[in-house]
Amino acid sequence: MNPLVEFCVSNLANGSQDTFEVLEMDPNIDVLEYGCLSYCTKCSDTLYALVNGEMVEAETPEELTKKIYKFIEDNPLF
């Protein structure tokens, strides 16, 4: 079972698209996009993704990518 990373389409448009594309190329991560994840205040303020149901936030796409990989490393599924 791979880690699951979920993105809001609005947040993708706000800047997390680069992170989405990097993670989508990783065969060890499942990446999904939704119309809305119901975190509208976060979505308008910062870049974020849900990683296995937990929010990971960052200011830049590069930082978000690094934080997601770090979160997955620090929180293995097994």
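Look up: the structure comes first, before these words.
The residue count restarts for each chain, going from 1 along the sequence in the order it is written. Local features in this predicted model are restricted to residues whose pLDDT is 70 or higher, and side-chain atom pairs enter the listing and the counts only when it is 80 or higher, whereas totals over whole chains, interfaces and linings include all residues. To obtain the side-chain values, all non-hydrogen atoms of the structure were used and water was disregarded.

## Structural notes on the overall build of the protein chain
Phase 1 of the analysis: A run of H or I in DSSP becomes a helix once it reaches four residues, and a run of E becomes a strand once it reaches two; helices and strands are each numbered from the N terminus. When helices and strands are tallied, the protein chain shows three helices and four strands.
Phase 2 of the analysis: Secondary structure elements of the protein chain occur, N-terminal to C-terminal, as β-α-β-α-β-β-α.
Phase 3 of the analysis: For this measure, only C-alpha atoms enter the radius of gyration; the expected value for a globule follows 2.2 Å times N^0.38, where N is the number of residues. Scaling as 2.2 N^0.38, a compact globule of 78 residues should have a C-alpha radius of gyration of about 12 Å, and the protein chain matches this with 11 Å.
Phase 4 of the analysis: C-alpha extents for the protein chain along the principal axes are approximately 35 × 20 × 20 Å.
Phase 5 of the analysis: Think of it in three bands: with a 1.4 Å probe and only protein chains considered, a residue is buried below 20% of the maximum accessible area for its type, exposed above 50%, and partly exposed in between. For the protein chain, the proportion of its 78 residues judged to be buried stands at 38%.
Phase 6 of the analysis: Any pair of residues with heavy atoms lying within 4.5 Å of one another is described as a contacting pair. Contacts spanning at least 24 positions in sequence make up 59% of the contacts within the protein chain whose residues lie at least 6 apart.

## With respect to helix H1 (residues 9–24)
Phase 1 of the analysis: Multiplying 1.5 Å by the helix residue count minus one yields the expected span of that helix. With 16 residues, H1 ought to run about 22 Å at 1.5 Å a step, yet its terminal C-alpha atoms sit only 14 Å apart, falling short of that.
Phase 2 of the analysis: The term bend refers to the angle at a residue between two fitted axes, each drawn through seven residues, those ending there and those starting there. Of all the bends in H1, the greatest, near 100°, is centred on Gly-15.
Phase 3 of the analysis: Among the residues of H1, those classed as buried are Asn-11, Leu-12, Ser-16, Thr-19, Phe-20 and Leu-23.
Phase 4 of the analysis: Taken together, the buried residues of H1 touch strand E1 (4–8), strand E2 (30–34), helix H2 (40–45), strand E3 (47–51) and helix H3 (61–74).

## A short note on the sheet that holds strand E4 (residues 54–58)
Strands pair in a sheet through their backbones, by hydrogen bonds, and they do so in one of two ways: parallel or antiparallel.
Phase 1 of the analysis: With respect to topology, four strands assemble into an open sheet ordered E2-E1-E3-E4, the strand pairing being mixed. Each edge of the open sheet is held by one strand with a lone partner, namely E2 and E4. For this sheet, the mean angle separating the axes of adjacent strands, direction not counted, is 30°.
Phase 2 of the analysis: At least two bridges found by DSSP between two strands are what make those strands a pair. The pairing of E1 with E2 spans five bridges and is classified as parallel. Bridge assignment links Cys-8 to a residue of E2, and that residue is Tyr-34. Axis lines are fitted to C-alpha atoms, over the contacting stretch for helices. Their N-to-C directions set the angle, which ranges from 0 to 180 degrees.

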